[in-house]
Amino acid sequence: IDPTNWRQLDPDNTLYIDTNHGRIVVEMYPEIAPAHVERIKALTRAHFYDGLIFHRVIDDFMAQTGDPLGTGEGASSLPDLHHEFLFRRGPDMPFVEAAMQGGARLGFYKALPIESQPDAQMSVTADGKVWANAVHCPGIASMARSGEINGVDQVDSANSQFFLMRAPNSALDKRYSIWGRVVWGQEAVMALATGNPPPVPDHMLAVRIAADLPEEERAPIYVLRTDGPQFRELIDETRHRRGADFSVCDVQIPARVPRENRERHWWSIIPFIP
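Quantities reported herein were computed from a predicted structural model and do not represent experimental measurements. (Residues numbered from 1 in each chain as written. Predicted model: local features only at pLDDT ≥ 70, side-chain atom pairs only at ≥ 80, totals over all residues. Heavy atoms only, no water.)

A. Representation of the overall build of the protein within the structure. Scanning the protein from N- to C-terminus turns up three helices and 18 strands. For a compact globule of 274 residues, the expected C-alpha radius of gyration is about 19 Å, and the protein comes in at 18 Å, within 12% of that figure. If one aligns the C-alpha atoms of the protein with their principal axes, the spans along those axes are about 55 × 45 × 35 Å. For the protein, the proportion of its 274 residues judged to be buried stands at 51%. For the protein, the share of sequence-separated contacts (at least 6 apart) that also reach a separation of at least 24 residues comes to 70%. Summed over all atoms, the accessible surface of the protein reaches about 12,500 Å², with 50% contributed by carbon and sulfur. Computed over 27 positive and 37 negative side-chain charges, the separation of the two mean positions in the protein equals 3 Å. (Helix = DSSP H or I, 4+ residues; strand = E, 2+ residues; numbered from the N terminus. Rg over C-alpha atoms; globule rule 2.2 N^0.38 Å. Buried < 20%, exposed > 50% of the residue type's maximum accessible area, 1.4 Å probe, protein only. Contact = heavy atoms within 4.5 Å. Areas by Shrake-Rupley, 256 points an atom, 1.4 Å probe, with all protein chains shown as cover. Lys, Arg positive; Asp, Glu negative; His and termini not counted. Charge placed at Lys NZ, Arg CZ, Asp CG, Glu CD.)

Below is the structure:
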C-alpha cells in the first residue's frame, strides 16, 4: 500500500451505522468538533442509537435521525452542546485547495471539504493558526439543533440528533456543527425511505465504533489521501469533467481495502487498492 496516496481510517474515530440498505461508514473528526464527536461516541457506547428511525428524510437534502421519540422533538438526557461551527487550523492540519468560489478558498482536510483562510496568515496570528469551517457536501455528518425561538437562534441546542447529507447545501455552513463524513455507504444514505416522517421509516439497526469491535469484524478501510499526488489528479479530472459547474462537493474521495482482505465478511464489496 502506497502511504503517499492512501491512509487507513483510525478505528477510534470510525463509526459504523448498520441499516437495511447496508453499512454506512463515517469518519469522525475530533480535531474539528471535539464535543460533538465525544457525544456521538458516548451515545453509541450506551447503545442509545440502536433501533432509532430516520424520522426526516428529504430528497435533495438530508436524512435525519437520533431522536428517541422518532418525532424530531426528542433528545438524550445529556445536556445540550455548545456549537462548533468553526475551528482553528494549524500547520498540522494540511489544507489542499481545490477551488476559489465567491472569494472563499475551498478544499480538503483529510476527507472533509472545508473553507479556510490561507496558510500565509498563520505567520501573523497569535496561535499560529487560521479559521476554517467544514462545508455541507453529500455524505457530511452534521448535528441537528433547534431553530429560532422568539427570534433567537438556538445555536447551542444540539444534543443527540444528527443528519447525513444527501445533496450539497451551503446555507447550512457555519450554522450547524459538522463532525464527520461518510467515506463508504453513501448509497445506503440515498436509499433511505423519504418523508417527514417516512410512511415506513428505515432504522439504524446498530451503531458501533470500529475500535470497540473485534479486529476480525472491522473493515481495514483506506481512503485516498487528500494531501497526496493522486488526489491532485482527481481534482483536476473532476474540474475538467464538470467545467464551469465544478464544486468541491463534486470530488468523491475513493475508499479501498487491501487485496488480501477479499474474503473478509461485509467489506468484500469495497474495491481493492490497486
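B. How the structure looks around the nonpolar core. One finds L112, I114, I221, F231, V248 and I253 to be the most contacted residues of the largest nonpolar core, which totals 53 residues. Broken down by secondary-structure element, the contributors of at least two residues to this core are strand 7 (96-101), strand 8 (104-109), strand 9 (112-116), strand 10 (130-134), strand 14 (162-165), strand 15 (178-184), strand 17 (222-224) and helix 3 (229-242). Those residues within four positions of I221 in sequence are excluded, and the remaining contacts are R7, Q8, L9, V25, W184, A255, R256, V257, W266 and I270. If you look at the next biggest cluster of nonpolar residues, it comprises 28 residues, including I24, V26, A141 and M204. (Core = buried A, V, L, I, M, F, W, Y, C linked by side-chain atoms within 4.5 Å.)

C. Representation of the pattern of salt bridges. Summed over all chains, the structure comprises twelve salt bridges. D236 is the partner of R239 in a salt bridge, and the nearest nitrogen-oxygen pair spans 3.4 Å. With R239 and D236 both in helix 3, this residue pair falls three residues apart, about one helical turn. We classify D236 as partly exposed; its relative accessible area is 39%. (Salt bridge = Lys/Arg side-chain N within 4 Å of Asp/Glu carboxyl O.)

D. Seen up close, helix 3. Along its 14 residues, helix 3 runs 20 Å from first to last C-alpha, staying within 8% of the 20 Å computed at 1.5 Å per residue. Among the residues of helix 3, those classed as buried are F231, L234, I235 and T238. The arc enclosing the buried residues of helix 3, seen along the axis, measures out at 100°, which places them on a common side. Away from its buried face by more than 90 degrees, helix 3 exposes P229, E237 and H240. Each element contacted by the buried residues of helix 3 is listed here: strand 7, strand 8 and strand 17. Looking one or two residues past helix 3, G243 carries a phi angle of roughly 65°, positive in sign. (Expected span 1.5 Å × (residues − 1). Arc of directions from axis to C-beta.)

E. Up close: the state of the cysteines. For the structure on display, the rule yields one disulfide. Disulfide pairing places C137 opposite C249 at an S-S distance of 2.0 Å. Between C137 and C249, the disulfide has an S-S torsion of -80° and is therefore left-handed. Within this pair, whereas C137 is found in the loop between strand 10 and strand 11 (140-143), its partner C249 is found in the loop between helix 3 and strand 18 (255-256), the two being separated by 112 residues in sequence. Under the relative-accessibility criterion, C249 is labelled buried at 12%. (Disulfide = S-S within 2.5 Å.)

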